[in-house]
Amino acid sequence: MTSTVDVLAYIPSPPQGVWYVGPVALRAYALFIIVGIVVAIVWGDRRWVARGGEKGTVLDIAIWAVPFGLIGGRLYHVMTDWPTYFGEGGDPVDALKVWQGGLGIWGAVALGGVGAWIGCRRRGIPLPALGDAVAPAILLAQAIGRLGNYFNQELYGRETEVPWGLEIFERRNDVGQVSPQLIDGVSTGEVAFVVHPTFLYEALWNVLIVLLLVWVDRRFRIGHGRLFALYVAGYCAGRFWIELMRSDHASLIAGVRVNSFTSALVFVAALVYFFAATKGREDPADLRPADGEPVDGEIAQKEPEKNVEDAGKDEGTSASEPVSDDKAASTASTGGEAGTKTIDSKKDDAND
């Protein structure tokens, strides 16, 4: 066992990852996931508006995508680590305890994408374009979420002596159990081992890819889901080599962690989509809801004509019926005033 004197330069783990306020448990893992979701929605919506979309759209879609994503992430984790829950000594009820950690990003993206598709269909907007807008924001949210693994003392790598090694402490829970794997426990101050902080490697890699995505998007103005494909490919490339460094329990295929296989397959699929998808970027007009109202400029051009016609109908005059000069002037004047009031009213509504 490594002594405390030998590891003074190492990164210490937090003393605990759960705090209790009365009977309520505040879990760092859940808090960081929530913060990441909020950041993704806020930044993603700003990027969507910058592309020509309607403000508030990302929040509306998130109402569908987030629950689907959480369910998908948990399902992927349970399916790829099923012996822990359904094997000998496992408890199937633990599969429902999301707060204890365990969300597979590929399941979250896959089923979250289904939820986003439903939301986009309801709003009448293209899913690929929305994916391009939120891609950097989603990856930044993933980086934030990885800090929850730090507090849980999980998803770390093999033992190491590098200066940035992570100290993993023994933890004791309320019933007296002592183990580094106790999420609800509190540090005893005793270092169990020093490991590669793979959660930190992944978080830093994610931030790097976020910066790359923002640059590519500004430099080349790509669309039609191609930026989202780059996000997926970039994340998978990093996850592949980081996964090979991890030493925590995982399901294996031919001695290789199943997440490494998934990373490789999804990476190839993302690149295929990137090169096969339509080049260029969507017309901003295509990003508006199918049943959305015209913008102010369109109102100013179209509304007076509509009201002139309506005014003529109110006077009982058809389009083919001849009218006197006085009546036409009166009608035009009435329509112009009505059009002006309509425009002003809609502009006031837009400023509220």
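Nothing here was measured: the structure is a model prediction, and the numbers come from that model. (Residues numbered from 1 in each chain as written. Predicted model: local features only at pLDDT ≥ 70, side-chain atom pairs only at ≥ 80, totals over all residues. Heavy atoms only, no water.)

**Student:** What am I meant to see in the overall build of the protein chain here?
**Tutor:** Along its length, the protein chain carries ten helices and seven strands. Counting across all 352 residues of the protein chain, residues that qualify as buried make up 43%. Partitioning the contacts of the protein chain with sequence separation of at least 6, the portion at a separation of at least 24 is 74%. A total accessible area of about 19,100 Å² is found for the protein chain, and carbon and sulfur atoms account for 63% of it. (Helix = DSSP H or I, 4+ residues; strand = E, 2+ residues; numbered from the N terminus. Buried < 20%, exposed > 50% of the residue type's maximum accessible area, 1.4 Å probe, protein only. Contact = heavy atoms within 4.5 Å. Areas by Shrake-Rupley, 256 points an atom, 1.4 Å probe, with all protein chains shown as cover.)

**Student:** Looking at this structure, how should I read the packing of aromatic side chains?
**Tutor:** Two numbers describe a pair of aromatic rings. These are the distance of the centres and the angle of the planes. Applying the stated criterion to the full structure yields eleven aromatic pairs. With centroids separated by 6.2 Å and ring planes inclined at 85°, the aromatic side chains of Trp205 and Trp241 adopt a geometry described as edge-to-face. Placement of Trp205 in helix α6 (residues 198-220) and of Trp241 in helix α7 (residues 226-245) is noted, with a sequence separation of 36 residues between them. With relative accessibility at 23%, the residue Trp205 sits in the partly exposed group. With a centroid separation of 5.7 Å and an interplanar angle of 85°, the aromatic rings of Trp215 and Phe220 are classed as edge-to-face. The exposure class assigned to Phe220 is partly exposed, which follows from its relative accessible area of 47%. By way of ring pairs, the aromatic residues Trp19, Phe32, Tyr150, Phe151 and Phe199 are connected into one cluster. (Phe/Tyr/Trp six-rings, centres within 6.5 Å; stacked < 30°, edge-to-face > 60°.)

**Student:** Can you help me understand the sheet that holds strand β4 (residues 178-179) in this one?
**Tutor:** Strand-to-strand pairing in sheets goes through backbone hydrogen bonds, with the strands running parallel or antiparallel. Overall, antiparallel pairing links the three strands, which are arranged β4-β3-β5 in an open sheet. With partners counted over all chains shown, the strands left at the sheet margins are β4 and β5 (186-195), one partner each. Across six bridges, strand β3 (residues 166-172) lies against β5 in antiparallel orientation. Its bridge partner lying in β5, Arg171 is registered against Ser187. (Pairing = 2+ DSSP bridges.)

**Student:** Help me out: how do you make sense of the nonpolar core in this one?
**Tutor:** Soluble globular proteins: nonpolar side chains tend toward being buried together. Core analysis: the biggest nonpolar cluster contains 19 residues, and Trp106, Leu139, Leu213, Tyr231 and Tyr235 have the highest contact counts within it. Residue assignment for this core shows that the elements contributing at least two residues are α4 (105-123), α5 (127-152), α6, α7 and α8 (258-276). No other element matches α7, which puts seven residues into this core. Excluding residues within four positions of it along the chain, Leu139 makes contact with Asn206, Ile209, Val210, Leu213, Tyr231 and Tyr235. (Core = buried A, V, L, I, M, F, W, Y, C linked by side-chain atoms within 4.5 Å.)

**Student:** I keep staring at the packing of α7 against α8 and nothing clicks. Help me out?
**Tutor:** The axes of two packed helices give the description: the angle between them and the distance between them. At their nearest, the axes of α7 and α8 sit 8 Å apart, and the two run at 155° to each other. In terms of orientation, α7 lies roughly antiparallel with respect to α8. Along this stretch, α7 crosses α8, giving a crossing that reads as left-handed. Seen from α7, the contacting residues are Arg226, Ala229, Leu230, Val232, Ala233, Cys236, Ala237, Arg239, Phe240, Glu243 and Leu244; seen from α8, they are Asn259, Ser260, Ser263, Ala264, Val266, Phe267, Ala270, Leu271, Tyr273 and Phe274. Grouping the amino acids of the contact of α7 with α8 by side-chain chemistry returns 15 nonpolar, three polar and three charged. (Axes fitted to C-alpha atoms, helices over the stretch in contact; angles between N-to-C directions. Parallel < 35°, antiparallel > 145°, perpendicular 65-115°, else oblique. Left-handed = near helix turned anticlockwise from the far one by under 90°. Nonpolar A, V, L, I, M, F, W, Y, C, P; charged D, E, K, R; others polar.)

**Student:** Just to check I follow, could you spell out the packing of α5 against α7 for this structure?
**Tutor:** Remark: α5 packs on α7, axes separated minimally by 7 Å, with the N-to-C direction vectors making an angle of 25°. Judged by the inter-axis angle, α5 sits roughly parallel to α7. Considering the relative orientation of α5 and α7, their crossing is right-handed. Between α5 and α7, the contacting residues are Gly131, Asp132, Ala135, Pro136, Ile138, Leu139, Gln142 and Arg146 on the first element and Arg226, Leu227, Phe228, Tyr231, Tyr235 and Arg239 on the second. A breakdown of the residues in the contact of α5 with α7 according to their chemical character gives eight nonpolar, two polar and four charged.

**Student:** Whenever I open this one, the pattern of salt bridges confuses me. Can you help?
**Tutor:** Where side chains of opposite charge bring their charged atoms close, a pairing between them can arise. This structure, assessed with the given rule, holds eleven salt bridges. Between Arg27 and Asp184 there is a salt bridge, with the nearest N and O atoms lying 2.8 Å from each other. On the criterion of sequence distance, the pair formed by Arg27 in strand β2 (residues 24-27) and Asp184 in the loop between β4 and β5 is long-range, its members being 157 residues apart. Linking Glu243 and Arg257 is a salt bridge whose minimum nitrogen-to-oxygen distance equals 2.8 Å. Here Glu243, found in helix α7, pairs with Arg257, found in strand β7 (residues 256-257); they are 14 residues apart in sequence, far enough to count as distant. Of the two residues examined, Glu243 and Arg257, each falls in the buried class. Taken together, the shared-partner salt bridges connect Arg146, Glu202, Arg239, Glu243, Arg246 and Arg257 into one network. (Salt bridge = Lys/Arg side-chain N within 4 Å of Asp/Glu carboxyl O.)

**Student:** When you look at the environment of Gly165 in this model, what are you seeing that I'm missing?
**Tutor:** Summarising the element assignment, Gly165 is placed in the loop between α5 and β3. Sequence separation between Gly165 and Pro197 is 32 residues, and the spatial gap between their C-alpha atoms is 6.4 Å.

**Student:** Explanation requested: α7 in the structure shown.
**Tutor:** Its 20 residues place the ends of α7 30 Å apart at the C-alpha level, agreeing with the 28 Å of an ideal helix rising 1.5 Å per residue. The buried count for α7 comes to 14 of 20 residues, which makes it a mostly enclosed element. (Expected span 1.5 Å × (residues − 1).)

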